[in-house]
Amino acid sequence: AGQLVKTLEFDAPEHAAQPLIQSVVNELLGDQDGGGFESDGKNTLGYSPARADNAMRTSEVLDGVLGSYYGGRHDEFWLRPETWFGLSKASL
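Anyway, here's the lowdown on the structure attached to this text.

### Considering the overall build of the protein
Across its full length, the protein holds 3 helices and 0 strands. Beginning at the N terminus, the succession of helices and strands in the protein can be written as α-α-α. By the burial criterion, 15% of the 92 residues in the protein qualify as buried. Within the structure as shown, the protein displays about 7,700 Å² of accessible surface, and the carbon and sulfur contribution to it stands at 58%.

Written out as structure tokens, the structure reads:
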């Protein structure tokens, strides 16, 4: 039986992270009047939607998901690639 392949084509957005990055920079600079940009260049975001509590939860999730791959992420795991379970499995 043949396989059906569906190709989706689309234009990738330019600088997809620019509005978030700009809102963080603007907030750090004390500018709550602007930050995000609409397609026409108009500032739209005041306070940055990036919050420390969200970052901490994300970090905890990543540590939980990747901990078994790296043999733990409680130390400088990047200095001991020979202990990475996932890396040793991938090279078999």
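### Looking at the pattern of salt bridges
Under the counting rule described, the total for this entry stands at 4 salt bridges. Taking the shortest distance from any N to any O, the salt bridge between Asp53 and Arg57 comes out at 3.8 Å. Of the two residues, Asp53 and Arg57 are both situated in helix α2 (residues 52-70); the distance of 4 residues between them amounts to about one turn of the helix. Residue Asp53 is classed as partly exposed on the basis of its relative accessible area, which comes to 43%. A residue is classified by how much of its surface remains accessible, and Arg57, at 46% relative accessible area, is partly exposed.

### Let's talk about α2
The sharpest bend along α2 reaches about 35° and sits at Gly64. Immediately downstream of α2, the backbone of Gly71 shows phi near 70°, a positive value.

### Topic: the packing of aromatic side chains
The relation between two aromatic rings is expressed through the spacing of the ring centres and the mutual angle of the planes. On inspection of all chains with the given rule, the structure shows 5 aromatic pairs. Ring centres of Tyr69 and Tyr70 lie 4.8 Å apart, and the angle between their planes is 80°; this geometry places the pair in the edge-to-face category. Taken together, the aromatic side chains of Tyr69, Tyr70, Phe77, Trp78 and Trp84 make up a single cluster linked through ring pairs.

### Thoughts on a nonpolar patch on the surface
Among the surface-exposed residues, Ile21, Val25 and Leu29 lie close enough to one another that they form a single nonpolar patch of about 290 Å² accessible area. Position of Ile21 among the secondary structure elements: in helix α1 (residues 18-28). We classify Ile21 as partly exposed; its relative accessible area is 49%.

### Here's the deal with the environment of Ser68
Positionally, Ser68 belongs in helix α2. On the basis of relative accessibility, which here comes to 55%, the residue Ser68 falls in the exposed class. Taking the C-alpha atoms as reference points, Ser68 and Phe85, separated by 17 residues in sequence, lie 7.1 Å from one another.

Conventions adopted
Residues numbered from 1 in each chain as written. Predicted model: local features only at pLDDT ≥ 70, side-chain atom pairs only at ≥ 80, totals over all residues. Heavy atoms only, no water. Helix = DSSP H or I, 4+ residues; strand = E, 2+ residues; numbered from the N terminus. Buried < 20%, exposed > 50% of the residue type's maximum accessible area, 1.4 Å probe, protein only. Areas by Shrake-Rupley, 256 points an atom, 1.4 Å probe, with all protein chains shown as cover. Salt bridge = Lys/Arg side-chain N within 4 Å of Asp/Glu carboxyl O. Bend = angle between axes of the 7 residues up to and from the residue. Phe/Tyr/Trp six-rings, centres within 6.5 Å; stacked < 30°, edge-to-face > 60°. Patch = residues over 30% accessible without salt bridge, like charges linked within 9 Å, V, L, I, M, F, W, Y side chains within 5 Å.

Keep in mind that these numbers describe shape and distance, not what the molecule does.
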